[in-house]
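# Descriptive analysis of the structure
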Amino acid sequence: MKSTQTSTKTTGAADEKYDGFTDEERGAMKERAQELKKAARRAPRAAKADGESEVLAKIAEMPETDRVLAERIHHIVRTSAPGLSPKLWYGMPAYARNGKIVCFFQSAQKFKARYATLGFSDQANLDEGTMWSTAYALTELTAADEARIGALIKKATS
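Notes on the structure in this doc start here. (Residues numbered from 1 in each chain as written. Predicted model: local features only at pLDDT ≥ 70, side-chain atom pairs only at ≥ 80, totals over all residues. Heavy atoms only, no water.)

The side-chain alternation of strand S1 (residues 85-89) yields one buried face, formed by Pro86 and Leu88, and one unburied face, formed by Ser85, Lys87 and Trp89. Two strands pair when backbone bridges link them, and S1 and strand S2 (residues 92-97) are joined in this way by 5 bridges, in the antiparallel orientation. Along S2, the bridge assignment pairs Trp89 with Met92. From the end of S1 to the start of S2, which pair antiparallel, there are 2 residues, and Tyr90 there has a positive phi angle of about 55°. (Buried < 20%, exposed > 50% of the residue type's maximum accessible area, 1.4 Å probe, protein only. Helix = DSSP H or I, 4+ residues; strand = E, 2+ residues; numbered from the N terminus. Pairing = 2+ DSSP bridges.)

Structural data, given as structure tokens:
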């Protein structure tokens, strides 16, 4: 009889097994597939209008703490970089230039994280030296935080 062995990947913890993607990650991938299907069916002008309403609807669904942050981020992005187009990206509010994501908001609840995140893609012009931040943890926003985010958004789109 032939014996078969199976390999088990570990995540670093001694007894934890890697079982693939989490339910939240699979859900985000399914949302992204739906977003791509919807976008393929829309005309470019309609996509821009739909993107705004879809982002606002997604923000409205968030728990209060995340919703407050997402509303402020949305306002800051729209006023700091009116040329960016709101759209959903993996089920998260995101903002694109020429169809490519520049920045996004990820709610804490989405992946059961401790804090919400403002992230930037490689399309953002934030390069500074040989190392720079591409994501920021958000727990609340002060006036100083909002000013800093506005400056980051402007720099990212320059």
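The next thing to look at is the pairing of strand S5 (residues 135-138). Alternating residues of S5 divide into Tyr136 and Leu138, all buried, and Ala135 and Ala137, none buried. Relative to S5, strand S4 (residues 116-120) is paired through 4 bridges, and the arrangement is antiparallel. Its bridge partner being in S5, Leu118 is matched across the sheet by Tyr136.

A complete count under the given rule lists 8 salt bridges for this structure. Salt-bridge contacts for Glu31 lead to Lys58; the nearest nitrogen and oxygen are separated by 2.8 Å. You can see Glu31 sitting in helix H1 (residues 23-41) and its partner Lys58 sitting in helix H2 (residues 44-61), a full 27 residues away along the chain. According to the relative accessible area criterion, Lys58 is buried, its value standing at 17%. The shortest N-O distance in the salt bridge between Glu61 and Lys58 comes to 3.6 Å. (Salt bridge = Lys/Arg side-chain N within 4 Å of Asp/Glu carboxyl O.)

Glancing now at the nonpolar core. The biggest cluster of nonpolar side chains holds 27 residues, and the ones touching the most others in it are Ile73, Phe105, Phe120, Leu138 and Ile149. Mapped onto this core, the elements with two or more residues apiece are H2, helix H3 (64-80), strand S3 (100-106), S4, S5 and helix H4 (143-156). Top contributing element to this core by residue count: H3, with 5 residues. For Phe105, the contacting residues outside a window of four places in its chain are Met62, Asp66, Leu69, Ala70, Ile73, Met92, Pro93, Ala116, Thr117 and Leu138. By size, the runner-up hydrophobic cluster in this structure holds 5 residues, among which are Met92, Ala94, Ile101 and Phe104. (Core = buried A, V, L, I, M, F, W, Y, C linked by side-chain atoms within 4.5 Å. Contact = heavy atoms within 4.5 Å.)

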